[in-house]
Amino acid sequence: MRLLERLRKEWFMVGIVLAIAGAKLEPSIGVNGGPLKPEITVSYIAVATIFFNSGLSLKTEELTSALVHIRLHLFIQIFTLAFFPAAIWLFLQLLSITPINEWLLKGLQTVGCMPPPVSSAVILTKAVGGNEGIVITPLLLLLFLSSSSSVPFTSIFSQLSVTVVVPLIIGQIVRRYIKDWLERTKPPFGAVSSSVLLMIIYTTFCGTFSNPNIDLDKFSLVVILFIIFSIQLGFMLLTFIFSTRNNSGFTPADTVAIIFCSTHKSLTLGIPMLKIVFAGHEHLSLISVPLLIYHPVQILLGSVLVPTIKSWMVSRQKGVKLTRPIV
């Protein structure tokens, strides 16, 4: 029973494994021109569905109140969109002389360019009791992601508008009219987006397994896994050190939000973005692998560290109360 409960709880992780296995067994179903017609159903319908769903579930009123913490959001955005990708780029200059698969290394760079997910970062932050460090997805990501893309810059922005921006806006408009119903019924927005994402992952790997020229060596995969673990732990420690300095101005609750939101990366946004930026690229699935690894690793590390971080935050908050002068 415990195994079934665990599988039910981690159904998305299981789904990723099954999607990749299914693509390996019968790749012809999900390739361009195949029965699923991914060039239409995935590139447009599936991606648009995810962002319409995001617009429908996005509580704008909470975002407005969250922007009060301007220093917190500024720190997270600078770390996520400037320091993180720049640090990865410098690190990859060293790794480029190694025998690690070059497309996995490019995938590692795209991971560095991704924004934090609202879902897992906020869940882990709430589990500890910290503030929600919500970061709006910036279009600056395209400046990093499109550099190795064969798709024209104008085409990327055009498809982004059709499949990302417009569905997001429509979702927000629809939400205004059915807000009470959404609050009352609480539809499974996360499950819907995750299910559609599995279809995107499946078709992406169908393209890989149908190409006999692509080969992924186990050495590169193991090294990338180790690097991702190291990056996450190292950056979590770095954000902790920065945000707990005496003159940082951050509360213990702010530190919790910074640790999770600055180091987590969005799979839900990332995979559709890669499908747009690297559309038709024969190595798209290899580029996607580091992000697919990063997602479960961040949840695993976050879950393990929640009790420790929560204990630290409670002790620090008690210490602040004890040292506060009585008026």
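Draft legend 1. Here's a closer look at the nonpolar core. The biggest cluster of nonpolar side chains holds 56 residues, and the ones touching the most others in it are Leu-197, Ile-200, Ile-224 and Leu-267. No other element matches helix H14 (residues 284-323), which puts 10 residues into this core. Not counting chain neighbours up to four residues away, the residues in contact with Ile-200 comprise Val-42, Ala-46, Val-47, Ile-50, Ile-271, Pro-272 and Lys-275. Core analysis: the next-biggest nonpolar cluster, separate from the first, contains nine residues, Ile-259, Phe-260, Ile-309 and Trp-312 among them.

Draft legend 2. Main features of helix H2 (residues 11-25). Given a rise of 1.5 Å per residue, 15 residues ought to cover 21 Å, and the 20 Å separating the end C-alpha atoms of H2 matches this to within 8%. When H2 is considered as a whole, its buried residues turn out to be Phe-12, Met-13, Gly-15, Ile-16, Ala-19 and Ala-23. For H2, the buried positions fall inside an angular range of 160° around the axis, keeping them on one side. In H2, the exposed positions that point more than 90 degrees away from the buried face belong to Val-17, Leu-18, Lys-24 and Leu-25.

Draft legend 3. Geometry of the packing of helix H5 (residues 70-95) against helix H6 (residues 102-113). Interaxial distance between H5 and H6 falls to 8 Å at its minimum, and their mutual angle equals 165°. Viewed along their axes, H5 and H6 adopt a mutual orientation that is roughly antiparallel. Of the two elements, H5 crosses H6, and the hand of that crossing is right-handed. In contact with Thr-80, Leu-81, Phe-84, Pro-85, Ile-88, Trp-89, Leu-92 and Leu-95 of H5, H6 contributes Leu-105, Leu-108, Gln-109, Gly-112 and Cys-113. Per-class residue counts for the contact of H5 with H6 are 10 nonpolar, three polar and no charged.

Draft legend 4. Structural context of the pattern of salt bridges. In the structure shown here, the tally under the stated rule is one salt bridge. A salt bridge links Arg-175 to Glu-183, with the shortest nitrogen-to-oxygen separation between them at 3.1 Å. Judged by its relative accessible area of 30%, Glu-183 is partly exposed.

Draft legend 5. Structural detail: the environment of Leu-108. Here Leu-108 is to be found in helix H6. Linking Leu-108 and Ile-224, residues 116 residues apart in sequence, is a C-alpha distance of 8.1 Å. Look past the residues within four positions of Leu-108 in its chain and what remains in contact with it is Ile-88, Leu-92, Ile-224, Ile-227, Ile-228 and Pro-290.

Draft legend 6. How the structure looks around the environment of Ser-285. The residue Ser-285 is located in helix H14 in this model. Relative accessible area serves as the criterion here: at 1%, Ser-285 is assigned to the buried category. Ser-285 sits 10 residues away from Lys-275 along the chain, and the two C-alpha atoms are 9.4 Å apart. Each residue touching Ser-285, except ones within four places of it in the same chain, is listed here: Thr-204, Phe-205 and Thr-208.

Calculation notes
- Residues numbered from 1 in each chain as written.
- Predicted model: local features only at pLDDT ≥ 70, side-chain atom pairs only at ≥ 80, totals over all residues.
- Heavy atoms only, no water.
- Core = buried A, V, L, I, M, F, W, Y, C linked by side-chain atoms within 4.5 Å.
- Buried < 20%, exposed > 50% of the residue type's maximum accessible area, 1.4 Å probe, protein only.
- Helix = DSSP H or I, 4+ residues; strand = E, 2+ residues; numbered from the N terminus.
- Contact = heavy atoms within 4.5 Å.
- Expected span 1.5 Å × (residues − 1).
- Arc of directions from axis to C-beta.
- Axes fitted to C-alpha atoms, helices over the stretch in contact; angles between N-to-C directions.
- Parallel < 35°, antiparallel > 145°, perpendicular 65-115°, else oblique.
- Left-handed = near helix turned anticlockwise from the far one by under 90°.
- Nonpolar A, V, L, I, M, F, W, Y, C, P; charged D, E, K, R; others polar.
- Salt bridge = Lys/Arg side-chain N within 4 Å of Asp/Glu carboxyl O.

Function cannot be read off these values alone, since they describe shape.
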